[in-house]
Amino acid sequence: MPLNLDPYNGALGTERAAHLLRRATFGATRAEIDEFANLTAAEAINRLFNDALLTDATHGVPAPPIDPEIGTDWLDPNIDGSENNRQDYFKWWVVGQMFTPGVPDAFKFTYALREKITLFLHTYFTTKILTVNSSRALYYQNALFRLYAYDDFLNSELDFKELTKKVCVDNAMLIFLDGDQNVKGNINENFARENFELYTIGRGLESENETRTPSGPGDYFFFTEEDVREASKVLSGWDKDLDFANIDELTGLPRGVVKGGALNASQHTEGDKQFTAYFNNQVISPDPLLLNGANQTEASALDEISQLIEMIFAQEETAKHLCRKLYRFFVYYDVTTEVEDNIIQAMADTFVTSGYRLIPVLKQLFQSQYFYDLQVPGPNEVIDDKFGGIIKSPLDLVVGTYKNLEINIPDPQADAQNFYDLMSDLTRSMNNMGMDFYEPFEVAGYGAYHQFPRFNRNWISTHWLTQRYNFIRQLLAADMDGNLTINPLIFVQNNFAASAGDARQLIIDMAPYFFPLAQGLDFDNPGGDLTPARVRYFLQAFLGFSEYDTEADMAVTEWTALYADPNNYLEVTTRLTSLFNALMQSPEYQLF
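Residues numbered from 1 in each chain as written. Predicted model: local features only at pLDDT ≥ 70, side-chain atom pairs only at ≥ 80, totals over all residues. Heavy atoms only, no water.

Focus: the overall build of the chain
(1) Moving on: A tally of helices and strands in the chain yields 24 helices and six strands.
(2) Moving on: Relative to its 592 residues, the chain shows a buried fraction of 57%.
(3) Moving on: Partitioning the intrachain contacts of the chain with sequence separation of at least 6 by distance along the chain shows that 72% fall at a separation of at least 24.
(4) Moving on: With an accessible surface of roughly 23400 Å², the chain has 47% of that area assigned to carbon and sulfur atoms. (Helix = DSSP H or I, 4+ residues; strand = E, 2+ residues; numbered from the N terminus. Buried < 20%, exposed > 50% of the residue type's maximum accessible area, 1.4 Å probe, protein only. Contact = heavy atoms within 4.5 Å. Areas by Shrake-Rupley, 256 points an atom, 1.4 Å probe, with all protein chains shown as cover.)

Quick word on the pattern of salt bridges
A side chain with one charge may pair with a side chain of the opposite charge, provided their charged atoms come close.
(1) Moving on: Scanning all chains against the criterion turns up 27 salt bridges.
(2) Moving on: Linking Glu 298 and Arg 255 is a salt bridge whose minimum nitrogen-to-oxygen distance equals 3.0 Å. One end of the pair, Glu 298, is in helix H12 (residues 298–313); the other, Arg 255, is in the loop between strand E3 (238–239) and strand E4 (257–258), and 43 residues separate them in sequence.
(3) Moving on: Using a relative accessible area of 12% as the deciding quantity, one classes Arg 255 as buried.
(4) Moving on: Taking the shortest distance from any N to any O, the salt bridge between Glu 340 and Arg 324 comes out at 2.9 Å. Note that Glu 340 is positioned in helix H14 (residues 337–353) and Arg 324 in helix H13 (residues 316–330), a separation of 16 residues in sequence. The same class applies to Glu 340 as to Arg 324, namely buried.
(5) Moving on: Overlapping salt bridges, with partners in common, bring together Lys 161, Glu 162, Lys 165 and Glu 310 in one network. (Salt bridge = Lys/Arg side-chain N within 4 Å of Asp/Glu carboxyl O.)

A few points about the side chain of Asn 487
(1) Moving on: With respect to the helices, strands and loops of the structure, Asn 487 is situated in the loop between helix H19 (462–476) and helix H20 (488–495).
(2) Moving on: A polar contact of 2.9 Å, which involves the side chain of Asn 487, links it to the backbone nitrogen of Leu 489.
(3) Moving on: Discounting chain neighbours no more than four positions away, the residues touching Asn 487 are Tyr 569 and Thr 573. (Polar contact = N/O pair within 3.5 Å; in protein donor to acceptor, adjacent residues only side chain to side chain.)

Thoughts on helix H22 (residues 532–543)
(1) Moving on: Between its terminal C-alpha atoms H22 stretches 16 Å, which fits the 16 Å expected from twelve residues at 1.5 Å a residue.
(2) Moving on: Of the residues trailing H22, Gly 544 is marked for its positive phi of about 85 degrees. (Expected span 1.5 Å × (residues − 1).)

Looking at the packing of aromatic side chains
(1) Moving on: For the structure on display, the rule yields 51 aromatic pairs.
(2) Moving on: Their ring planes at 85 degrees and their centres at 5.0 Å tell us that Phe 371 and Tyr 372 sit as a pair that is edge-to-face. Both residues of the pair, Phe 371 and Tyr 372, count as buried.
(3) Moving on: Ring geometry for Phe 437 versus Tyr 438: centroids 5.1 Å apart, planes at 85 degrees, classification edge-to-face. Taken as a pair, Phe 437 and Tyr 438 share a single burial class, namely buried.
(4) Moving on: Positioned over the ring face of Tyr 111 is Arg 114, at 4.8 Å from the centre of the ring.
(5) Moving on: It is Lys 116 that lies over the ring of Phe 26; its NZ or CZ is 4.9 Å from the centre. (Phe/Tyr/Trp six-rings, centres within 6.5 Å; stacked < 30°, edge-to-face > 60°. Lys NZ or Arg CZ within 6 Å of the ring centre and 35° of its normal.)

Digging into unusual backbone geometry
(1) Moving on: Geometrically, the link from Phe 452 to Pro 453 is a cis peptide bond, its omega value of 5 degrees lying close to zero.
(2) Moving on: Within the element layout of this structure, Pro 453 appears in the loop between helix H18 (416–432) and H19.
(3) Moving on: Positive phi is not limited to glycine here, since Asn 280 has a value of about 55 degrees.
(4) Moving on: Structurally, Asn 280 is set in the loop between strand E5 (273–274) and strand E6 (283–284).
(5) Moving on: Judged by its relative accessible area of 64%, Asn 280 falls in the exposed class.

Things to note about the packing of helix H5 (residues 105–124) against H13
(1) Moving on: Where H5 meets H13, the axes come as close as 11 Å, and the angle between the chain directions of the two elements is 125 degrees. Classified by the angle between their axes, H5 and H13 sit oblique to one another. The handedness of the crossing between H5 and H13 is right-handed. Contacts from Lys 116, Leu 119, Phe 120, Thr 123 and Tyr 124 of H5 reach H13 at His 321, Leu 322, Lys 325, Leu 326, Phe 329 and Phe 330.
(2) Moving on: Among the residues making up the contact of H5 with H13, the classes are represented as seven nonpolar, two polar and two charged. (Axes fitted to C-alpha atoms, helices over the stretch in contact; angles between N-to-C directions. Parallel < 35°, antiparallel > 145°, perpendicular 65-115°, else oblique. Left-handed = near helix turned anticlockwise from the far one by under 90°. Nonpolar A, V, L, I, M, F, W, Y, C, P; charged D, E, K, R; others polar.)

Quick notes on the nonpolar core
(1) Moving on: Residues Phe 366 and Phe 437 are the most contacted members of the largest nonpolar core, which totals 180 residues.
(2) Moving on: Looking at which element gives the most residues to this core, the answer is helix H7 (residues 135–148), with eight residues.
(3) Moving on: Setting aside anything within four residues of it in sequence, one finds Phe 437 in contact with Lys 91, Val 94, Val 95, Met 98, Leu 119, His 122, Leu 395, Met 430 and Tyr 446. (Core = buried A, V, L, I, M, F, W, Y, C linked by side-chain atoms within 4.5 Å.)

Some details on the environment of Asp 415
(1) Moving on: With respect to the helices and strands, Asp 415 occurs in the loop between helix H17 (394–404) and H18.
(2) Moving on: We classify Asp 415 as partly exposed; its relative accessible area is 30%.
(3) Moving on: Spatially, the C-alpha atoms of Asp 415 and Ile 66 are 9.9 Å apart, while their sequence positions differ by 349 residues.

Comments concerning the environment of Ile 507
(1) Moving on: Along the polypeptide, Ile 507 turns up in helix H21 (residues 503–514).
(2) Moving on: By relative accessible area, which is 0% here, Ile 507 ends up buried.
(3) Moving on: For the pair Ile 507 and Leu 530, spaced 23 residues apart in the sequence, the C-alpha separation amounts to 9.7 Å.

Examining the confidence of the model for the chain
Parts of the prediction with low pLDDT should not have their coordinates interpreted in detail.
(1) Moving on: Of the residues in the chain, 89% have a pLDDT of 70 or more, and the chain-wide mean is 89.
(2) Moving on: Note that pLDDT drops below 50 for residues 519–528; the model gives that stretch 24 contacts with residues more than four away or on any other chain. (pLDDT = per-residue confidence, 0-100.)

Points about H18
(1) Moving on: For H18, which comprises 17 residues, the first-to-last C-alpha distance of 24 Å matches the rise-based estimate of 24 Å (1.5 Å per residue) to within 8%.
(2) Moving on: Within H18, burial applies to Ala 416, Phe 419, Tyr 420, Leu 422, Met 423, Ser 424, Leu 426, Thr 427, Ser 429 and Met 430.
(3) Moving on: Just past H18, the residue Gly 434 takes up positive phi, approximately 110 degrees.

Here's the deal with the packing of H19 against helix H24 (residues 569–584)
(1) Moving on: Across the interface, H19 lies against H24 with an axial gap of 10 Å and an inter-helix angle of 160 degrees. When the interaxial angle is binned, H19 and H24 end up roughly antiparallel. Judged by the twist between their axes, the crossing of H19 over H24 is right-handed. On H24, the residues that touch Ile 472, Arg 473 and Leu 476 of H19 are Thr 577, Phe 580, Asn 581 and Met 584.

Structure, rendered in structure tokens:
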């Protein structure tokens, strides 16, 4: 396996196409996977990163969400309605965008990619709904993330470094990490500390091979307590603006305000801020040209924040910290020394040379041989690999299942009530599986994305695994009126008609679209992780026989006859439901 980011050549094929769409978006239908299977990696990336989306007035920026109880845009400050309800609608609306509702085919992959990057930014700059307690602040922060998710397209000033500056004065972040409580003479260090540790330079590579020791108390390898205190002074004097009237010129989105007024930032700490040798003893000072006489101003306070972020991003470790986060989110959780030296370094180099942009890094990653390398385990062998190397988050499981099974969702504009009802059900299912969306357990975010050494294994417990299986079981069950959310027979007829009458072949044909590893499957000589034992298990669950060696062939023959007769519609549907339950309540389906 090459430890570099050289491009992958040749058509992707089914396995790699499915891998790309599961990781870069939220999954895909069989037809979509087949479409990408015929593309080279470069062609697939061009299909994903379609900058034409940005010139389309309807789909470049999502329409504001509608509150069905109020009947209008819930961003309107003059309307009535419960703030708790609005926070729920915000959360449901965010999940709904991942289904790309109402988006034309030309844009759907790019839109889904943007939503995946927006989700990454939420996991990176974490927020908790109950702490922020403002649906509008949360919506505008989400809009900020969505805007910067396309940092390679819109204009030269939209890059990750600039996003970090904007986050420093974002209303939701000012509330979440007490930035609005940070004033001169009474410094609050919460945001400054997390800004170093979580959002910029970090504490370096966490691994079982860590050998460093700090030089003393308050030394965090790349910054110190003294740096935190000085950064807190730089960040002091800001307040939330819950009128959302202070609009940022570049983004067009609301930001916080300085206490005292734009021309007299009276609560911002005056004077020089001296940083340590980790930052070359740099001094951050107010720009005299931006002062109002002797008074600090909003412009001078923003300029100091800009100086702070520029100083931090000038450190080589800052780019590596971000790229480790990208790697763990999109590729694999284990950053070994070899991966650090070859893959993370290459990603970081691209990040810096591109002007601190995410999109060039992701393009390089998603086109690389390394991203698509597949190792097929031999008998009794387990390989930690990029294919199937990550446990799906509850969100990936829920949204990916709906996409995989081609389940349509209600239009959020034309059928708002049913749209929000469904999103409410889905977020409740996610919560049952261990992901309280927009309410992570800690300020560092969801443990699966950062918590060494378990990382994505945090998604699995006995209870949460049971809830995953319950979600599938309920999705495939008929409602009280006998209606099905997904009809397995129609799905099979639409997608696997050629092998539907052959029970074994149907399982083999479906596997690559449901499981991350099922390459080169043949019942007598399978590759991937669909071994003869697994085929046998799915076949028994499907056809209901007990003794495999003596009854399997007879059951397969009976299925062929059963499927061929349209009068057997109900029994065929029941058996296919059993197959779908077995496939999707399997360990393999929990991975991507």
